[in-house]
Amino acid sequence: MADSPSRTEAADHTPGPTTHPGMPRWVKVFGIAAGSALLVAFVLMHAIGGGMGGH
């Protein structure tokens, strides 16, 4: 029994679920920046009176 692999060694070689990394940081930063720019543009259009066609 000295030649049998230990429980941790056997677990290291078994295929498990593949983990996919999350979104890259630049995608998150770009999304936040684009969303912020759209929000600022929306607020400015409404502040100067040109937003939503006079609703």
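Our subject is the structure that appears above.
What you see is a predicted model; the values in this text were computed from it and never measured.

1. Focus: the overall build of the chain
Looking only at helices and strands, one finds two helices and zero strands in the chain. A total of 55 residues make up the chain; the buried ones form 2% of that total. Total accessible area on the chain stands at roughly 5400 Å², and carbon and sulfur atoms take up 69% of it.

2. Re the environment of His46
Relative to the assigned elements, His46 resides in helix α2 (residues 25–47). On the basis of relative accessibility, which here comes to 38%, the residue His46 falls in the partly exposed class. Within the structure, His46 has its side chain in polar contact with the backbone oxygen of Phe42 (distance 3.0 Å).

3. A short note on α2
Taking 1.5 Å of rise per residue, 23 residues should cover 33 Å, and α2 covers 33 Å from first to last C-alpha, within 8% of that figure. Of the residues flanking the end of α2, it is Gly49, one or two places downstream, whose phi is positive at about 90°.

4. Comments concerning a nonpolar patch on the surface
Together, Leu39, Phe42 and Val43 line one region of the surface with nonpolar side chains, adding up to about 300 Å² of accessible area. Residue placement: Val43 occurs in helix α2. For Val43, a relative accessible area of 48% puts it in the partly exposed group.

Conventions adopted
Residues numbered from 1 in each chain as written. Predicted model: local features only at pLDDT ≥ 70, side-chain atom pairs only at ≥ 80, totals over all residues. Heavy atoms only, no water. Helix = DSSP H or I, 4+ residues; strand = E, 2+ residues; numbered from the N terminus. Buried < 20%, exposed > 50% of the residue type's maximum accessible area, 1.4 Å probe, protein only. Areas by Shrake-Rupley, 256 points an atom, 1.4 Å probe, with all protein chains shown as cover. Polar contact = N/O pair within 3.5 Å; in protein donor to acceptor, adjacent residues only side chain to side chain. Expected span 1.5 Å × (residues − 1). Patch = residues over 30% accessible without salt bridge, like charges linked within 9 Å, V, L, I, M, F, W, Y side chains within 5 Å. Salt bridge = Lys/Arg side-chain N within 4 Å of Asp/Glu carboxyl O.

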